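# Reading the structure
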Amino acid sequence: MKHTHVIFAACLALCGVQIAHAHIVLSEPQAVAGSYYKATLRVGHGCNGESTRGLVVQIPTGFQGAKPQPKLGWTLTTRKAKLDKPYNSHGKTVTEDVVELRWTAASQATNLPDDHFDEFAFMGRLPEQAGPLWIKILQTCENGQNDWSEIPANGTLTRGLKSPAALLEVQPKAAHEHHH
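First, a word on scope: everything that follows refers to the structure included in this document. Owing to the predicted nature of the structure, the values given are computational and were not obtained by experimental measurement.

For the structure shown, the criterion picks out one disulfide. A sulfur-sulfur distance of 2.1 Å marks the disulfide that ties Cys47 to Cys141. Here the S-S torsion is close to 70°, and the disulfide linking Cys47 with Cys141 is therefore right-handed. Of this pair, Cys47 sits in the loop between strand S3 (36–43) and strand S4 (52–58) while Cys141 sits in strand S9 (residues 131–141); the two residues are 94 residues apart in sequence, bridging distant segments of the chain. The residues Cys47 and Cys141 share a single accessibility class, namely buried.

Once that is clear, we can look at the sheet that holds strand S8 (residues 118–125). The strand order S1-S3-S8-S5 describes an open sheet built from four strands, whose pairing is antiparallel. What marks the edges here is a single partner per strand, and that holds for strand S1 (25–26) and strand S5 (64–68). Of the strand pairs in this sheet, S3 and S8 are connected by eight bridges, and their pairing is antiparallel. Looking across to S8, one finds that Thr40 is bridged to Ala121.

In the structure shown here, the tally under the stated rule is three aromatic pairs. Measuring from centroid to centroid gives 5.3 Å for Phe63 and Phe122, while their planes differ by 65°, and the two rings are edge-to-face. Of this pair, Phe63 sits in the loop between S4 and S5 while Phe122 sits in strand S8; the two residues are 59 residues apart in sequence, bridging distant segments of the chain. Ring pairing ties together the aromatic residues Trp74, Trp103 and Phe120, which thus form one cluster. The ring of Phe120 has Lys71 sitting right over it, with the charged end atom 4.8 Å from the ring centre.

Within the structure shown, the criterion is met by six salt bridges. With its nearest N and O atoms 3.1 Å apart, the salt bridge here joins Lys71 to Asp118. Pair noted here: Lys71 is in the loop between S5 and strand S6 (74–89) and Asp118 is in strand S8, with a separation of 47 residues, a long-range link. Accessibility expressed as a relative area gives 18% for Lys71, which makes it buried. With a closest N to O distance of 2.7 Å, Glu128 and Arg125 form a salt bridge. Three or more residues joined by partner-sharing salt bridges are found here, namely Arg79, Glu100 and Arg102.

Scoring rules and cut-offs
Residues numbered from 1 in each chain as written. Predicted model: local features only at pLDDT ≥ 70, side-chain atom pairs only at ≥ 80, totals over all residues. Heavy atoms only, no water. Disulfide = S-S within 2.5 Å. Helix = DSSP H or I, 4+ residues; strand = E, 2+ residues; numbered from the N terminus. Buried < 20%, exposed > 50% of the residue type's maximum accessible area, 1.4 Å probe, protein only. Pairing = 2+ DSSP bridges. Phe/Tyr/Trp six-rings, centres within 6.5 Å; stacked < 30°, edge-to-face > 60°. Lys NZ or Arg CZ within 6 Å of the ring centre and 35° of its normal. Salt bridge = Lys/Arg side-chain N within 4 Å of Asp/Glu carboxyl O.

Right, here's the structure in full:
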């Protein structure tokens, strides 16, 4: 029972950090290596009281075949680039992939007000290697921006960072899932 209270207290402390700083976070911050994953970015506020009018998401290296989810009232564009390390997908070699997603409010009426929250999602396949994946996001507002791109020098603890990137903890596959 004592162990459960410690875990609960730790969860509250972590949630409190996220709520207090209102960073852009993933609704599911953990996933299994090599799996298909839907990344849902939760935007909790604008920029110093201003409405959000755009998000630019940098797809981390190793995240394959990113496909964004459209949002009513927002235009969506993707940018592809040549990969340093091609990969195989469904029997085809992929040499160019999506590296950036951009959602832009179609008009001021569809901006995300500072006192509301919303979610922006994309899916794709995670790398086979476990470890942290950092998703950098540029949030643009009416007259300013928040550049959510800070990554800790060591480890994954973001305490003390003013504008941390969103963290996805890629977990190792279970022993029975390995294919040789």
